[in-house]
Amino acid sequence: MNTKLHDENVDFLFDAILALENREECYRFFEDLCTVPELKAMSQRIAVAKMLSKRQVYSEIVAQTGASTATISRVNRSLNYGSDGYTLIFDRLWKKENKE
């Protein structure tokens, strides 16, 4: 885990996110917190990560998401050498989908 991120403000941000109870609350909070481009960029990165984890090729990802190859490469690097945050979330979401 990247210790450069650890500080009181980041802790408070994460505690605030963890306090959200549903998607509607997420929309309300993130609309206040982020600009539209910031939120679109984050959602694009997680979509790219999902597609990469399903072994889709760059050209398909570019066509479906509009992400640049630089963004796809950065996300791919995080998937392969990062803190496993994407993997943690995808595993939980896929387990949840399979239970329903």
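Residues numbered from 1 in each chain as written. Predicted model: local features only at pLDDT ≥ 70, side-chain atom pairs only at ≥ 80, totals over all residues. Heavy atoms only, no water.

> How do you make sense of the packing of helix α3 (residues 36-53) against helix α4 (residues 58-65) when you look at a structure like this?
Packed helix pairs are specified by the crossing angle of their axes together with the interaxial distance, meaning the distance between the axes. Here α3 crosses α4 at 145°, and the two axes come no closer than 10 Å. As α3 runs across α4, the sense of the crossing is right-handed. Packed against α3, whose contacting residues are Gln44, Ala47, Val48, Met51 and Leu52, the element α4 presents Tyr58, Glu60, Ile61, Gln64 and Thr65 at the interface. Residues that form the contact of α3 with α4 fall into these classes: six nonpolar, three polar and one charged. (Axes fitted to C-alpha atoms, helices over the stretch in contact; angles between N-to-C directions. Helix = DSSP H or I, 4+ residues; strand = E, 2+ residues; numbered from the N terminus. Left-handed = near helix turned anticlockwise from the far one by under 90°. Contact = heavy atoms within 4.5 Å. Nonpolar A, V, L, I, M, F, W, Y, C, P; charged D, E, K, R; others polar.)

> Explanation requested: the nonpolar core in the structure shown.
One recurring pattern in soluble globular proteins: nonpolar side chains tend to sit buried together. Membership of the largest hydrophobic core is limited to 10 residues, which are Val48, Ala49, Met51, Leu52, Ile61, Ala67, Ile72, Val75, Leu79 and Phe90. Elements that contribute at least two residues to this core include exactly α3 and α5 (69-81). In terms of residue count, α3 provides more of this core than any other element does, four residues in total. Look past the residues within four positions of Ala67 in its chain and what remains in contact with it is Gln44, Val48, Val62 and Ile72. (Core = buried A, V, L, I, M, F, W, Y, C linked by side-chain atoms within 4.5 Å. Buried < 20%, exposed > 50% of the residue type's maximum accessible area, 1.4 Å probe, protein only.)

> Would you mind showing me how to read the environment of Leu79 here?
As for its position among the elements, Leu79 is in helix α5. For Leu79, a relative accessible area of 16% corresponds to the buried category. In sequence terms Leu79 and Leu52 are 27 residues apart; their C-alpha atoms lie 8.4 Å from each other. Setting aside residues no more than four positions away along its own chain, Leu79 makes contact with Ala49, Leu52, Ser53 and Tyr86.

> What should I look at first to understand unusual backbone geometry in this one?
Excluding glycine, a negative phi dihedral is what most residues carry, and trans is how most peptide bonds are arranged. Despite not being glycine, Arg55 shows a phi value in the positive range, around 65°. As for its placement among the helices and strands, Arg55 is situated in the loop between α3 and α4. Positive phi values are uncommon outside glycine, yet Asp84 reaches one of about 70°. By secondary structure assignment, the location of Asp84 is in the loop between α5 and α6 (85-99).

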